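Breakdown of the fold
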Amino acid sequence: MRSGPGIVTRLTEAQQAQLEALRQSYRAELPAKLELIGGAVETLHAGGWEKAHLMAFYELVHKLAGSAAIYGFGGISRAAGEIESWALAALDGGLPEDRRLELSSLVGALREAFAASEPDPLTRPRSAIR
Amino acid sequence: MARRALKRILLVEDDPDIQTVTSMALGSFGGYTVSVCGSALEAIASAAEFRPDLILLDVMMPGMDGLDTLRALRQVPATATTPVIFLTARVQPADVAKYKELDSLAVIRKPFEPTVLVETIHEIWTRYRDEAH
């Protein structure tokens, strides 16, 4: 139900169904995204942790962190966000051995978040800054 | 001079998943006519024909980022003065200062909830429109 152009005070059932369908479609694509991330991790291991590979890996997890949150999968977003922070730190400061070892547990946490995933109740995010 | 109603939104966003849910929310929930572009080049190519009232612009895009995209859109007569809202997770003070330098209307922080985005855009546009009076 809308109270004016652009104002959404409550979604109609049809609109809710539309949004839910999109969420389920997104969820169905998550295994493929996780596989890409897994592949990127293997590339890091195999490729000597080169910056180009790290950057590609960062972009994958950055996108997942953002889109998962928008689609209501907060747990996945948070887990991807942890990996994103790891990747940024790695890009900034290099990768000592102990930091490399962290990645496995972070990716494990992401897989657990996926296994547990149901859309979170939507919370009001940070609003416009101006 | 009265500012027109917000009807046509150009969404410039490279992530297909975010394109999908955002354009759906803006179109279905907000009632706007939305054109989606996945890159700066697409946006520049379509701007003249689409003639948006508002541009929603992702900042982090491969190739030309949102800031350079805005500079390029300002060279297109159809979007030389079109209000722009940045959509971004990069909201550190230094980043926001850059967005203000480019005279963006507002910055909406990612991630956003799709229905709240529609409301937020409405509020921003109402304020922008009312500032003209």
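The rules behind each value
- Throughout, a residue's number is its position along its own chain's written sequence, starting from 1.
- Note on labels: chains are lettered from A, ligands numbered from 1, in written order.
- In keeping with the model being predicted, local features are shown solely for residues with a pLDDT of at least 70 and side-chain atom pairs are shown and tallied solely at 80 or more, while totals for entire chains, interfaces and linings include all residues.
- To obtain the side-chain values, all non-hydrogen atoms of the structure were included, while hydrogens and water were left out.
- Counting from the N terminus, the helices are DSSP H or I runs at least four residues long and the strands are E runs at least two residues long.
- For each residue, the accessible area found with a 1.4 Å probe, counting protein chains only, is set against the maximum for its type, and the residue is called buried under 20%, exposed over 50%, and partly exposed in between.
- It only takes one pair of heavy atoms within 4.5 Å for two residues to be counted as in contact.
- Residue exposure ignores everything except the shown protein chains as possible cover, and the areas themselves are Shrake-Rupley values with a 1.4 Å probe.
- In this count, Lys and Arg are taken as positive residues and Asp and Glu as negative ones, while His and the chain termini are left out.
- Any carboxyl oxygen of Asp or Glu that lies within 4 Å of a side-chain nitrogen of Lys or Arg is treated as forming a salt bridge with it.
- Pairing of N or O atoms within 3.5 Å defines a polar contact, subject to two protein rules: one partner must be a possible hydrogen donor and the other a possible acceptor, and residues neighboring in sequence count only if both atoms are side-chain atoms.
- Per-residue confidence from the predictor is reported as pLDDT, which spans 0 to 100.
- A pair of strands is considered paired only if DSSP assigns at least 2 bridges between the two.
- Here the axes come from fitting lines to C-alpha atoms, over the contacting stretch only for helices, and the angles between their N-to-C directions go from 0 to 180 degrees.
- For Phe, Tyr and Trp, where Trp contributes only its six-membered ring, two rings pair if their centres lie within 6.5 Å, and the inter-plane angle classes them as stacked under 30 degrees, edge-to-face over 60, or tilted in between.
- When the strands point away from the viewer and the connection leading from the first strand across the helix to the second strand turns clockwise, the crossover is called right-handed.
- For a helix, the expected span equals 1.5 Å multiplied by the number of residues minus one.
- We define the nonpolar core as a collection of buried residues of types Ala, Val, Leu, Ile, Met, Phe, Trp, Tyr and Cys that are connected through side-chain atoms lying within 4.5 Å of one another.

Attention shifts here to the overall build of chain A. Helix and strand counts for chain A stand at 4 helices and 2 strands. Looking at the 130 residues of chain A, the share that counts as buried comes to 38%. Here the analysis covers contacts within chain A between residues at least 6 apart in sequence; of these, 62% occur between residues at least 24 apart. Summed over all atoms, the accessible surface of chain A reaches about 7,100 Å², with 55% contributed by carbon and sulfur.

Another point: the side chain of aspartate 15 of chain B. By the element assignment, aspartate 15 of chain B lies in the loop between strand E1 (8–12) and helix H1 (16–29). No salt bridge is formed by the buried aspartate 15 of chain B; the nearest opposite charge belongs to lysine 63 of chain A, separated by 4.4 Å. Within polar-contact distance, the side chain of aspartate 15 of chain B engages the backbone nitrogen of aspartate 17 of chain B at 2.8 Å. In this structure, aspartate 15 of chain B is in contact with Lys63 and Ser67 of chain A, ignoring residues within four places of it in sequence.

Looking now at the confidence of the model for chain A. All names here are of chain A. Per-residue confidence for chain A gives a mean pLDDT of 84, with 83% of residues at or over 70. The secondary structure element of chain A with the lowest average pLDDT is strand E1 (residues 2–4), at 41, and the one with the highest is helix H2 (residues 51–70), at 94. Here residues 1–6 is a poorly scored stretch, pLDDT under 50, and it has 20 contacts once near neighbours within four places are set aside; other chains count.

It is worth spelling out the sheet that holds E1 of chain B at this point. Residue and element names in this part refer to chain B. The 5 strands lie next to each other as E2-E1-E3-E4-E5, forming an open sheet whose pairing is parallel. Looking along the sheet, the strands with just one partner apiece sit at the ends: strand E2 (33–37) and strand E5 (106–109). The sheet shows a mean angle of 20 degrees between the axes of neighbouring strands, taken without regard to direction. Bridge count between strand E4 (residues 84–88) and E5: 4 bridges; the pairing is parallel. By the bridge assignment, leucine 87 is partnered in E5 with isoleucine 108.

Counting across every chain of the model gives 6 aromatic pairs over all chains. Ring geometry for phenylalanine 57 of chain A and tryptophan 86 of chain A: centres 6.1 Å apart, planes at 85 degrees, overall edge-to-face. One end of the pair, phenylalanine 57 of chain A, is in helix H2; the other, tryptophan 86 of chain A, is in helix H3 (residues 74–93), and 29 residues separate them in sequence. For the residue pair phenylalanine 57 of chain A and tryptophan 86 of chain A, the accessibility class agrees, reading buried in each case. Measuring from centroid to centroid gives 4.9 Å for phenylalanine 86 of chain B and tyrosine 99 of chain B, while their planes differ by 35 degrees, and the two rings are tilted.

The next subject is the pairing of strand E3 (residues 54–58) of chain B. Every regular strand shows the same layout, with side chains that alternate between the two sheet faces. Residues and elements named next belong to chain B. Judged by how many residues are buried, E3 sits mostly within the fold: 5 of 5 residues are covered. Burial of E3 is two-sided: the residues Leu54, Leu56 and Asp58 facing one way and the residues Ile55 and Leu57 facing the other way are all buried. Summarising the sheet, E3 and E4 pair through 4 bridges and their orientation is parallel. The residue bridging leucine 56 from the neighbouring strand is isoleucine 85, located in E4. Each parallel crossover has a hand, and the one from E3 via helix H3 (residues 66–73) to E4 is right-handed.

This part is about H1 of chain B. All names here are of chain B. Here H1 is 14 residues long and its end C-alpha atoms lie 19 Å apart, about the 20 Å a rise of 1.5 Å per residue gives. Every buried residue of H1 is listed here: Asp17, Ile18, Gln19, Val21, Thr22, Met24, Ala25, Leu26 and Phe29. Among the residues trailing H1, glycine 31 stands out with phi positive, at a value near 75 degrees.

Residue and element names in this part refer to chain B. Here leucine 117 shows up in helix H5 (residues 114–130). For the pair formed by leucine 117 and glutamine 92, sequence separation is 25 residues and the distance between their alpha carbons is 20 Å. Once residues within four sequence positions are removed from consideration, leucine 117 is found in contact with Thr22, Leu26, Leu87, Ile108 and Phe112.

Next up on the list: the nonpolar core. Ranked by internal contacts, the top residues of the largest apolar core, which has 60 residues, are Phe57 and Trp86 of chain A together with Ile121 of chain B. Broken down by element, this core gets its largest block of residues, 9 residues, from helix H1 (residues 13–46) of chain A. Contacts of isoleucine 121 of chain B, omitting those with residues within four sequence positions, involve Leu6, Ile9, Leu26, Leu54, Leu56, Ile85 and Ile108 of chain B. With 22 residues, the next largest nonpolar core counts Leu57, Leu67, Val96 and Leu102 of chain B among its residues.

Residue and element names in this part refer to chain B. Residue proline 111 is bonded to the preceding lysine 110 through a cis peptide linkage, with omega at 0 degrees. Residue position: proline 111 is located in the loop between E5 and H5. Residues other than glycine seldom take positive phi values, yet arginine 51 does so here, at roughly 50 degrees. Mapped onto the fold, arginine 51 is located in the loop between helix H2 (40–50) and E3.

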